[in-house]
Amino acid sequence: MTMTNGSMLLRNRHVEWKLAILWVAYALHPAVAFGSPAINIANDDTSITLEANRAAPVVSALTRSGCPSWNGHSAEILINHVETGSRVATISWKLNPALTQVTPTGVRLVYEAPSPHLRLFWEWRIRAARGPIEHSIQIQNLSSEEIWLPMQDSLQFTWEIQKDEQLEHLWIEKGAGGPSAEGTHWNTIRDGYTWTGESSTYAHSAEGHAREMIPYTLIERTDGNRCGWYAGIEFSGRTQINIKRTGDLLTGIAGLNTEPGPFRTRVKPGDSFSPPTVFIGTFQGGADAAGNSLRRWVREVLNHRETIQTPTYPMVVNNSWGSGMQIDESQARNMIRDSAELGFEMFHLDAGWFRGVGDWYPDPKKFPHGLAPIADYAHELGLKFGLWMDWAQASLDENTGSLNINDPKVRNWLVADPPPHWKQGDEFKGITIDLGVPDAHDWAAAEVQRVVKDYHLDMLEHDGYLIAQGCSRSDHPHAPPDAAHATIYEDSGFLWADSSNGTDVSYHATRAYYDIQSQLRKLHPNLLLEICNDGGRMVDFGSAAHGDYFSISDAYDPLSNRRAFFDASYVLPPAMLETYVEKWTTTNLDNFRYVLRSGMMGWFTLMLDTTTWNAEEHDTAREALSLYKSRLRPLIRDADLYHVSPRPDGVHWDGLEYFDAVRGKGVLFAFHGSSTDEPTHAFILQGLKAGRMYQLKFQDQSSQDRTVSGSELMSQGVLVSLPVAYSSELVFLEAISK
């Protein structure tokens, strides 16, 4: 390995960028304490300065060109004890210079503890020319005995700030169940500010429960440059982010959730434990500037290239749930035929096709010929075929091939024993199996592979709760529960557990889930994977690396769809953000377009029976779908996104802008709510060049097309006139060549 001063030019994935690696030129020595060599790792957006101290590493600065630095000198807190057998062993870490690495794309510092013999890798990695930098930790057990590790945070920071410095904090709710009235939170960070956000796959939406976050946070200095930093967690299990301001310090952590606790996890000899990978990046220009950088990074680094780079991504989909559980072979064929005529690209068969929960074979009464002929019929008409499944649920179904809770093997996979005389009360849910159990993982992996192959699928959706929240078992790979803090819940026949070992249960189940999805990817590289998970409860960066799009809300009306999209689009690629469009009362075609367009800012899935539409509605929908595929889709996939209005409230105006600076094209989605007091509204646009002229074209001809300067559009805005309540307009922009 060669270490150099200054900058080096490298080419990676056909992208050329400058990566600054600064290494103070003297050998790392075990006696080095504070003032040890500084290592600077940077891409075009983010620069991080590290120190390889003797007992623990330090993140000493986070910087961006043109913005003030975030500086700090507190050493990372590494775990200081482990359990071995019946004793607690205190451990001390020591830098191993021989194993430490600095390369053009990253830094790996290695620390070792002698008794028991452990090795800790503390790594920072650049994976794209722009955007954030990834950070990961791995702890290897090199001893000959099984050990139990306490919590090791993924990210720790201590920044020195001015006591009078004004800071704002942004965090985003998941749309779990349905978006709340707030969704996007801007908090002022004053002295004494303390905030903890939590994320899991069971995000609550009920009254009295705290809303869960998309595992992401942003801190902004409220000066003219609007500079700051953001961080996120690439994991779907139980995680948390904590931020605290005390005097002239801003501190925090990110990683696995410490609650419920105390956390402990088993590491066998030769095995390792890796807390969730995190990322941290810097920005200038506010939350949309941060989001545009991060969204590109997610697409380039986390997303599955084989699917997102196809010209039909994101797709327009017709879903059978408009018929609910009553769907059958005849109705499915009718919906497929109508979907093809309207211009949809995939027919998605939702719940109602199977014999029972955990019994993933077609209901012979509804689908006497099976599902493969239905898929083949869709393919004949030029459509892809997708399927709903909740593959981690067991039930009382006794058919051959079902996941029956009375099978002794299956019963041991359950997160808890059901109470006597338990009855399944839901057509979709039963009892979650613990995917962290190797046999349960293997069954699930084989079952989804069988379903994809036998039913000729192009897309597989998973719903329900795949990743266990807790588990009452003591013989699973996760830590055993504390009997005093294990609770079994039942809701309308759905059974789940919450326990003191919940974070470790979730950790193992999440890793197993990722492996199942990865195996499916390897076998079927062109298969699309939808992550529903009870509607918006699994919207996170770990899922973004193991699926192609999310259902971001379990409420499907126009306002809920726009709210959920407004929130999630701050941090995740809009092409991944699926909103289901349900039947909604309309009295005119303006209302009808308003409903459709409220779901067309990202991945569009219609969830109603189009065979019930009249001829006028068919024509309007056909035109809308054609416009989506030809003009909206390229912008949704590639353009920058700007939130050019307050969050939707269903009463006033709201809007969202896409603009692709490379192509010089964009669109404004404008929505008029129920109020009739404001028939016109000016939207201040962003991302344009002040000196360029732009041609504006109003899709519905609500105003005359015109040519306007970028300066005027970004200062006075574009005026949209919509006197009808619940109406919308698409305003296309195109830069005029000089």
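Residues numbered from 1 in each chain as written. Predicted model: local features only at pLDDT ≥ 70, side-chain atom pairs only at ≥ 80, totals over all residues. Heavy atoms only, no water.

Draft legend 1. Representation of the packing of aromatic side chains within the structure. Scanning the model with the defined rule gives 36 aromatic pairs in all. Look at Phe157 and Trp159: their rings are 6.3 Å apart centre to centre, the planes differ by 20 degrees, and that puts the pair in the stacked class. The exposure class assigned to Trp159 is buried, which follows from its relative accessible area of 2%. Taken together, the ring pairs connect Phe235, Phe263, Phe273, Trp391, Tyr507, Tyr513 and Tyr514 into an aromatic cluster. (Phe/Tyr/Trp six-rings, centres within 6.5 Å; stacked < 30°, edge-to-face > 60°. Buried < 20%, exposed > 50% of the residue type's maximum accessible area, 1.4 Å probe, protein only.)

Draft legend 2. Local environment of the sheet that holds strand E8 (residues 87-90). Strand order in this open sheet of four strands is E8-E7-E14-E23, and the pairing throughout is antiparallel. One side of each edge strand has no neighbouring strand; the edge strands of this open sheet are E8 and strand E23 (265-267). Looking at each pair of strands side by side, their axes are set apart by 35 degrees on average, direction ignored. Bridge count for strand E14 (residues 147-149) against E23 is three bridges, and the pairing is antiparallel. Paired with Trp148 across the two strands is Arg266, which belongs to E23. (Pairing = 2+ DSSP bridges. Helix = DSSP H or I, 4+ residues; strand = E, 2+ residues; numbered from the N terminus. Axes fitted to C-alpha atoms, helices over the stretch in contact; angles between N-to-C directions.)

Draft legend 3. Examining the environment of Arg296 more closely. Topologically, Arg296 is positioned in helix H1 (residues 287-302). Side chain to side chain, Arg296 and Asp640 meet in a polar contact 2.6 Å long. (Polar contact = N/O pair within 3.5 Å; in protein donor to acceptor, adjacent residues only side chain to side chain.)

Draft legend 4. Highlighting the confidence of the model for the chain. On average, residues of the chain score 91 in pLDDT, and 92% of them reach the 70 mark or higher. Taken together, the stretch residues 1-35 has pLDDT below 50 and engages in 82 contacts with residues farther than four places along the chain or on a different chain. (pLDDT = per-residue confidence, 0-100. Contact = heavy atoms within 4.5 Å.)

Draft legend 5. Representation of unusual backbone geometry in the model. In this structure, the amide linkage connecting Ser115 to the following residue, Pro116, adopts the cis form with an omega of -5 degrees. As for its placement among the helices and strands, Pro116 is situated in the loop between strand E11 (106-113) and strand E12 (118-125). Cis geometry is adopted by the peptide bond preceding Pro260, which originates at Glu259 and carries an omega value of -10 degrees. With respect to the element layout, Pro260 can be found in the loop between strand E22 (249-256) and E23.

Draft legend 6. The arrangement of the pattern of salt bridges in detail. Inspection of the entire model under this criterion finds 32 salt bridges. The closest approach of N and O atoms between Arg221 and Glu165, which form a salt bridge, is 2.3 Å. Placement of the pair is Arg221 in strand E19 (residues 216-221) and Glu165 in the loop between strand E15 (155-160) and strand E16 (167-172), with a sequence separation of 56 residues. Considered together, Arg221 and Glu165 belong to a single accessibility category, that of buried residues. Here Asp590 ties to Arg593 by a salt bridge, and the two come within 3.5 Å at their closest N and O atoms. Of this pair, Asp590 and Arg593 both sit in helix H11 (residues 589-597), separated by three residues, roughly a single helical turn. Asp590 sits in the partly exposed class, given a relative accessible area of 32%. (Salt bridge = Lys/Arg side-chain N within 4 Å of Asp/Glu carboxyl O.)

Draft legend 7. Focus on the nonpolar core. Membership of the largest hydrophobic core comes to 191 residues, with the highest contact counts inside it found for Leu250 and Trp391. Judged by nonpolar contacts, the second largest core, of 20 residues, contains Trp653, Leu668, Tyr694 and Val731. (Core = buried A, V, L, I, M, F, W, Y, C linked by side-chain atoms within 4.5 Å.)

Draft legend 8. Summary view of the side chain of Glu345. Relative to the helices and strands, Glu345 is located in the loop between helix H3 (329-342) and strand E27 (346-349). Residue Glu345 is classed as buried on the basis of its relative accessible area of 11%. Separated by 2.9 Å, the side chains of Glu345 and Arg633 make a polar contact. Not counting the four nearest positions on each side in its chain, Glu345 is found in contact with Thr312, Met315, Val316, Gly382, Leu383, Lys384, Lys629 and Arg633.

Draft legend 9. Representation of the state of the cysteines in the model. Summed over the entire model, instances satisfying the criterion amount to one disulfide. Paired through a disulfide, Cys67 and Cys227 show a sulfur-sulfur distance of 2.0 Å. Because the torsion about its S-S bond is -65 degrees, the bridge between Cys67 and Cys227 counts as left-handed. With Cys67 in the loop between strand E5 (57-63) and strand E6 (70-71) and Cys227 in strand E20 (residues 227-233), the pair connects residues that are 160 residues apart, well separated along the chain. For the residue pair Cys67 and Cys227, the accessibility class agrees, reading buried in each case. (Disulfide = S-S within 2.5 Å.)

Draft legend 10. Representation of the environment of Trp186 within the structure. Of note, Trp186 is situated in strand E17 (residues 184-189). Classification of Trp186 by relative accessible area gives partly exposed; the value is 36%. Counting along the chain gives 14 residues from Trp186 to Ile172, while the straight-line C-alpha distance between them is 9.0 Å. Ignoring any residue separated from it by four or fewer positions in sequence, one finds Trp186 in contact with Glu168, His169, Leu170, Leu218, Glu220 and Ala287.

Draft legend 11. Spotlight on the layout of surface pockets. Roughly 450 Å³ of volume is contained in the second largest pocket. Every residue lining the second largest pocket is counted, 24 residues in all, and those nearest its centre are Arg127, Glu134, Glu234, Leu302 and Ala545. If you list the elements that add at least two residues to the lining of the second largest pocket, you get E12, strand E13 (133-141), H1, helix H7 (502-523) and helix H9 (541-544). Residue contributions to the lining of the second largest pocket peak at four residues, all from E13. (1 Å grid on protein atoms, 1.4 Å probe; cavity = no way out; pocket = protein on both sides within 12 Å on 5 of 7 lines; lining within 4 Å. Points joined across faces, edges and corners; volume = space filled by probe spheres on them.)

Draft legend 12. Main features of the packing of H11 against helix H12 (residues 615-638). Packing of H11 against H12 brings their axes to within 11 Å, and their N-to-C directions diverge by 40 degrees. Classified by the interaxial angle, the pair formed by H11 and H12 is oblique. Of the two possible hands of crossing, H11 and H12 adopt the one that is right-handed. Contacts between H11 and H12 involve Leu589, Phe592, Arg593 and Leu596 from the former and Glu616, Glu617, Thr620, Ala621 and Ala624 from the latter. (Parallel < 35°, antiparallel > 145°, perpendicular 65-115°, else oblique. Left-handed = near helix turned anticlockwise from the far one by under 90°.)

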